[in-house]
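Each chain, letter by letter, is given below.
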Amino acid sequence: MADERRATLRQRLLAILVTGIGAATASAVSFAMAVYEAANPEPVPVAAIGETIDTGRWTVVFHEARVGAVPSSAVAPPERKTFLAVEFELENRSAASSPVSSNLIAIDPSAPGLQEPAFRLVRDEWLASALNPGMRERMIAVWEWPEERSPPQEVRLVVGGQTYKRRDNLYGASNWFDGDPVAVVELPVTRDDAEAAR
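Residues numbered from 1 in each chain as written. Predicted model: local features only at pLDDT ≥ 70, side-chain atom pairs only at ≥ 80, totals over all residues. Heavy atoms only, no water.

As for the overall build of the protein chain
Move 1: A count of helical and extended segments in the protein chain gives 2 helices and 9 strands.
Move 2: Starting at the N terminus and walking to the C terminus, you meet the elements of the protein chain as α-β-β-β-β-β-β-β-β-β-α.
Move 3: Taking 198 residues into account, the globule formula puts the C-alpha radius of gyration at 16 Å, and the protein chain, at 26 Å, lies well above it.
Move 4: Here the C-alpha coordinates of the protein chain stretch approximately 100 × 35 × 30 Å along the principal axes.
Move 5: Looking at the protein chain residue by residue over its 198 residues, the buried ones come to 32%.
Move 6: Restricting to contacts in the protein chain with at least 6 residues of sequence separation, those with at least 24 account for 69%.
Move 7: For the protein chain, the accessible area works out to roughly 12700 Å², and carbon and sulfur atoms hold 54% of it. (Helix = DSSP H or I, 4+ residues; strand = E, 2+ residues; numbered from the N terminus. Rg over C-alpha atoms; globule rule 2.2 N^0.38 Å. Buried < 20%, exposed > 50% of the residue type's maximum accessible area, 1.4 Å probe, protein only. Contact = heavy atoms within 4.5 Å. Areas by Shrake-Rupley, 256 points an atom, 1.4 Å probe, with all protein chains shown as cover.)

Here we look at the pattern of salt bridges
Move 1: A complete count under the given rule lists 12 salt bridges for this structure.
Move 2: The partner of E186 in a salt bridge is R156, and the shortest N-O contact between them spans 3.4 Å. Note that E186 is positioned in strand 9 (residues 175–191) and R156 in strand 8 (residues 154–165), a separation of 30 residues in sequence.
Move 3: Via salt bridges that share partners, E64, R66, E87, E89, E91, R136 and R138 belong to a single interconnected network. (Salt bridge = Lys/Arg side-chain N within 4 Å of Asp/Glu carboxyl O.)

Describing the packing of aromatic side chains
Move 1: Considering all chains together, one arrives at 3 aromatic pairs under this definition.
Move 2: Aromatic side chains Y164 and W176 sit 5.3 Å apart centroid to centroid with 55° between the ring planes, which places their arrangement in the tilted category. In this pair, Y164 is assigned in strand 8 and W176 in strand 9, connecting sequence segments 12 residues apart.
Move 3: A network of ring pairs unites the aromatic residues F62, F88 and F119 as a single cluster.
Move 4: Between the NZ or CZ atom of K165 and the centre of the ring of F177, over which it lies, the distance is 5.6 Å. (Phe/Tyr/Trp six-rings, centres within 6.5 Å; stacked < 30°, edge-to-face > 60°. Lys NZ or Arg CZ within 6 Å of the ring centre and 35° of its normal.)

Some remarks on a nonpolar patch on the surface
Move 1: A contiguous nonpolar patch, built from L14, L17, V18 and I21 and spanning about 400 Å² of accessible area, is present on the exposed surface.
Move 2: Mapped onto the fold, L14 is located in helix 1 (residues 2–39). (Patch = residues over 30% accessible without salt bridge, like charges linked within 9 Å, V, L, I, M, F, W, Y side chains within 5 Å.)

So, the side chain of E137
Move 1: Mapped onto the elements of the fold, E137 is located in strand 7 (residues 136–145).
Move 2: Within polar-contact distance, the side chain of E137 engages the side chain of R123 at 2.9 Å.
Move 3: Setting aside anything within four residues of it in sequence, one finds E137 in contact with F88, E89, L90, L121, R123 and L131. (Polar contact = N/O pair within 3.5 Å; in protein donor to acceptor, adjacent residues only side chain to side chain.)

A word on the environment of A34
Move 1: Inspection of the secondary structure puts A34 in helix 1.
Move 2: Considering only alpha carbons, one finds A34 and S110, 76 residues apart in sequence, at a separation of 29 Å.

Overview of the pairing of strand 9
Taken residue by residue, a regular strand's side chains alternate between the two faces of the sheet.
Move 1: For strand 1 (residues 46–47) and strand 9, the ladder comprises 2 bridges, and the chain directions are parallel. By the bridge assignment for strand 9, A47 is matched with V185.
Move 2: With 3 bridges joining them, strand 3 (residues 58–68) and strand 9 adopt parallel strand pairing. Bridge pairing in strand 9 places V67 opposite R191.
Move 3: Summarising the sheet, strand 8 and strand 9 pair through 11 bridges and their orientation is antiparallel. Bridging across to strand 9, K165 finds its partner in N175. (Pairing = 2+ DSSP bridges.)

A closer look at the environment of P112
Move 1: As for its placement among the helices and strands, P112 is situated in the loop between strand 5 (105–107) and strand 6 (118–121).
Move 2: Judged by relative accessible area, which is 55%, P112 ranks as exposed.
Move 3: As for P112 and R123, which are separated by 11 residues in sequence, their C-alpha atoms are 31 Å apart.
Move 4: With near-sequence residues (within four places) excluded, P112 lies in contact with P146, E148 and R149.

Here it is as structure tokens:
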């Protein structure tokens, strides 16, 4: 009887030891993989001009970039300024109308003094408000280019992704949240005649 208890106790101790070693090994491997992935992130895919990019909440198709005296609304500025304009198509894939997030498109690398872009509709040359779901709109993102910097010949844009959560951790409500970049697009920059003459 005593021998059976000792054998059972040994088996339990051996099982606990093996389980502990297995759990420690799994934790160490998981930690090592997380460190490796953080140190060696996957490169962001490069999208071609005219290719549809799925960001989660939006689908985006880039067409062209240009530099000139293009204002961010139908009203021209009183003093001469230079603007970088990127023309693209955007479709809201969510179930509700939504304004375009300034985190959707970012210039990489960012120029010092560069502010967030203004988004306007091509069809009526006015600032964009909330876009309705399922309706593709042709838009222009306009950045006021800093005077002390010469305009670029090519612009590299990073397209940010968004993730939908049914219940967020803070409020318990559903919402879209900014995520990692989903694509990079490189566009040649054309100049309008007035800008080319400068």
